[in-house]
Amino acid sequence: DPHTNLVLGAEHFGRLLKRLESISKALLAYNAGLSRLRQWERAFGDLPIELLIEALPYQESRHYLRKILVSSIYYGYLYRGVSPEETVRLFFPKAFNK
């Protein structure tokens, strides 16, 4: 049932986002699992999230996050007038604080 899948997926993602406080990390955990994200954080913990994503051993997870980011940029701009930079800031806030 698509409606149930959307509701449950949104609830699960919402819990991950609240717990991880990072859209990028929540998306990675949603895609690959929280334990796998923790494993990657231990392995690549000294890297900022935008570089950690590129270091991931799973191509599927790297592509998943890129696809969500690009779609968010398009839809944010088309439907809400949000600049691409503003959307990227949501995914990688620390990259802009330097």
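Rules used in this analysis
Residues numbered from 1 in each chain as written. Predicted model: local features only at pLDDT ≥ 70, side-chain atom pairs only at ≥ 80, totals over all residues. Heavy atoms only, no water. Helix = DSSP H or I, 4+ residues; strand = E, 2+ residues; numbered from the N terminus. Contact = heavy atoms within 4.5 Å. Phe/Tyr/Trp six-rings, centres within 6.5 Å; stacked < 30°, edge-to-face > 60°. Buried < 20%, exposed > 50% of the residue type's maximum accessible area, 1.4 Å probe, protein only.

Mapped onto the elements of the fold, Ser61 is located in helix 5 (residues 59-80). Sequence-distant contacts of Ser61, defined by excluding residues within four places in its chain, comprise Leu28, Asn31, Ala32, Trp40 and Leu56.

This part takes up the packing of aromatic side chains. Throughout the structure, instances matching the rule amount to four aromatic pairs. Taking the centre distance of 6.3 Å and the plane angle of 85° together, the rings of Phe13 and Tyr30 count as edge-to-face. Note that Phe13 is positioned in helix 1 (residues 2-20) and Tyr30 in helix 2 (residues 23-32), a separation of 17 residues in sequence. A residue is classified by how much of its surface remains accessible, and Tyr30, at 36% relative accessible area, is partly exposed. On the numbers, 6.3 Å between centres and 45° between planes, the contact of Phe91 with Phe92 is tilted. Accessibility assignment for this pair places Phe91 and Phe92 in one class, buried.

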